[in-house]
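The lines below spell out each chain.
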Amino acid sequence: MHVSLLEWCVTVAVTLTVLLVDIVILGRRPRVPQPRNCALALAAYIGLAVLFGIGVWAHHGARYGMQFFAGWLTEYSLSVDNLFVFLLIMTSFKVPRRYQQEALLVGITLALCLRGIFIGLGALAIQQLSWVFYLFGVFLLYTGLRMARGGAHVGGPADPDDLDGSADGADGADGAANAVVRFARTHLRATDRWAGLKLVVTEGGRRVITPMFLVVVALGTTDVIFAMDSIPAVYGLTREPYLVFTANVFALMGLRQLFFLLGHLLGRLVYLSRGLAFILAFIAVKMLLHALRSNDLPFVHGGRPIPVPEIPTWVSLVVIVVTIVVTTVASIVRTRVLART
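Residues numbered from 1 in each chain as written. Predicted model: local features only at pLDDT ≥ 70, side-chain atom pairs only at ≥ 80, totals over all residues. Heavy atoms only, no water.

Chemist: Quick rundown of the overall build of the protein? Include the residues and the values.
Modeler: When its secondary structure is counted, the protein shows twelve helices and two strands. Its helices and strands in sequence order give the protein the pattern α-α-α-α-α-α-α-β-β-α-α-α-α-α, from N to C terminus. Here the protein holds 341 residues, and 49% of them are scored as buried. Counting only contacts in the protein whose residues sit at least 6 apart along the sequence, the fraction spanning at least 24 positions is 79%. (Helix = DSSP H or I, 4+ residues; strand = E, 2+ residues; numbered from the N terminus. Buried < 20%, exposed > 50% of the residue type's maximum accessible area, 1.4 Å probe, protein only. Contact = heavy atoms within 4.5 Å.)

Right, here's the structure in full:
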């Protein structure tokens, strides 16, 4: 796939501008987004991703168009899973409703920065070290198995009426399980008073960290974990940095709206983790097959490539779409059955 410098520059400028306007300018308005506005914005961002994929299909061929859609759907699904963890963090810290937008803004910004770093590192590793596909494949397989064993996410959104929350709730869910957060709470002076997006305030003549500091630490360490999962996953579907970058940026678009639009419904997607586990395991197999076909490790088959079958891109796209649809439908049916009992 040949992407000119001009195409790179225009794509980066336009996509990052749209994303940053949403999370930095619109996201900092001191109000809770209305469902109608969230739905319209989310539809617009999904439409932009679909139009971009059609453009890639038209100008670079069906192969790369399918690779973009497969990568975007996978990254979007993983981003939705990321929202579960954001929701658990905000619930465990009892983040007041009026500050949730700011915390979410920090989480998405960190995710964007970390994914950019991992995209660059992944591209460099793939170009220099062909055996990295073995490493990525094993890592994704482990991640998929861990996710499958973990089962469904649990938890609910923070109470919309909790406008005077404290950080006491951080003793539960993912926040308390985070070793970095525990270290910060133990070794740093902290206050239970919220001060918007301020991480440090002066109280009693001493500088102390706010609950938002702990939330940011939890979100940041969570983003590192998700970046380590998502970037190898998309490189298993395409080895084009251009498609990896755009798939990730479009996957992050609209997450803020999705959080407020579907926050109370996220807990109903009880089989999402299992669906994602299957997708990651499938991509891991695809990646390991590629590693065997391009093998140059001297202790594997004498350093010679192994003629194993290749999974076509269209098959990957079909598997991802069918898995997402089946997982969603099964989750809806399951929650309805539980609601009747």
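Chemist: Provide a residue-level description of the nonpolar core, including the pertinent values.
Modeler: Residues Phe-68, Trp-72, Phe-93, Leu-104 and Val-215 are the most contacted members of the largest nonpolar core, which totals 93 residues. Of all the elements, helix α3 (residues 62-92) adds the most residues to this core, at 16 residues. In contact with Leu-104, other than residues within four places in its own chain, are Leu-83, Phe-86, Met-90, Leu-255, Arg-256, Phe-259 and Phe-260. (Core = buried A, V, L, I, M, F, W, Y, C linked by side-chain atoms within 4.5 Å.)

Chemist: Please provide a residue-by-residue account of unusual backbone geometry, values included.
Modeler: Negative phi is the rule for most residues except glycine; trans is the rule for most peptide bonds. Of note in the backbone geometry, Lys-94 takes a positive phi value of approximately 50° without being a glycine. Along the chain, Lys-94 turns up in the loop between α3 and α4 (97-128).

Chemist: Before we move on, can you summarise the pairing of strand β2 (residues 206-209) with the specific residues and values?
Modeler: Pairing of strand β1 (residues 200-203) with β2 involves four bridges; the strand directions are antiparallel. Along β2, the bridge assignment pairs Thr-202 with Arg-207. (Pairing = 2+ DSSP bridges.)

Chemist: Outline the packing of aromatic side chains, listing residues and values.
Modeler: Scanning all chains against the criterion turns up nine aromatic pairs. Consider the rings of Phe-68 and Phe-250, whose centres lie 6.0 Å apart with planes at 85°: the pair is edge-to-face. Taken together, the residues span a long stretch of sequence, with Phe-68 in helix α3 and Phe-250 in helix α9 (residues 241-252) at a distance of 182 residues. According to the relative accessible area criterion, Phe-250 is buried, its value standing at 6%. (Phe/Tyr/Trp six-rings, centres within 6.5 Å; stacked < 30°, edge-to-face > 60°.)

Chemist: Break down the confidence of the model for the protein for me, citing the residues and quoting the values.
Modeler: Here the protein shows a mean pLDDT of 80. Residues at 70 or above account for 86%. Across residues 151-177, confidence stays below pLDDT 50; counting only partners more than four residues off in sequence or on other chains, it has 64 contacts. (pLDDT = per-residue confidence, 0-100.)

Chemist: Any details on a nonpolar patch on the surface? Residues and values, ideally.
Modeler: Where nonpolar side chains cluster on the molecular surface, the patch consists of Val-321, Val-325, Val-329, Val-333 and Val-337 and spans about 370 Å² of accessible area. By secondary structure assignment, the location of Val-329 is in helix α12 (residues 313-340). Among the residues examined, Val-329 registers a relative accessible area of 46% and is labelled partly exposed. (Patch = residues over 30% accessible without salt bridge, like charges linked within 9 Å, V, L, I, M, F, W, Y side chains within 5 Å. Areas by Shrake-Rupley, 256 points an atom, 1.4 Å probe, with all protein chains shown as cover. Salt bridge = Lys/Arg side-chain N within 4 Å of Asp/Glu carboxyl O.)

Chemist: Could you give an account of the packing of helix α8 (residues 211-235) against α9, with specific residues and numbers?
Modeler: Where α8 meets α9, the closest approach of the two axes is 10 Å, and the angle between their N-to-C directions is 135°. Overall, the two elements α8 and α9 adopt an arrangement that is oblique. Read as a crossing pair, α8 and α9 show a hand that is right-handed. Packed against α8, whose contacting residues are Ser-230, Ile-231, Val-234 and Tyr-235, the element α9 presents Pro-241, Val-244, Ala-247 and Asn-248 at the interface. (Axes fitted to C-alpha atoms, helices over the stretch in contact; angles between N-to-C directions. Parallel < 35°, antiparallel > 145°, perpendicular 65-115°, else oblique. Left-handed = near helix turned anticlockwise from the far one by under 90°.)

Chemist: An account of the environment of Thr-222 is requested, with residue identities and associated values reported.
Modeler: Within the secondary structure layout, Thr-222 lies in helix α8. Here the alpha-carbon distance between Thr-222 and Ala-111, two residues 111 residues apart in the chain, equals 9.0 Å.

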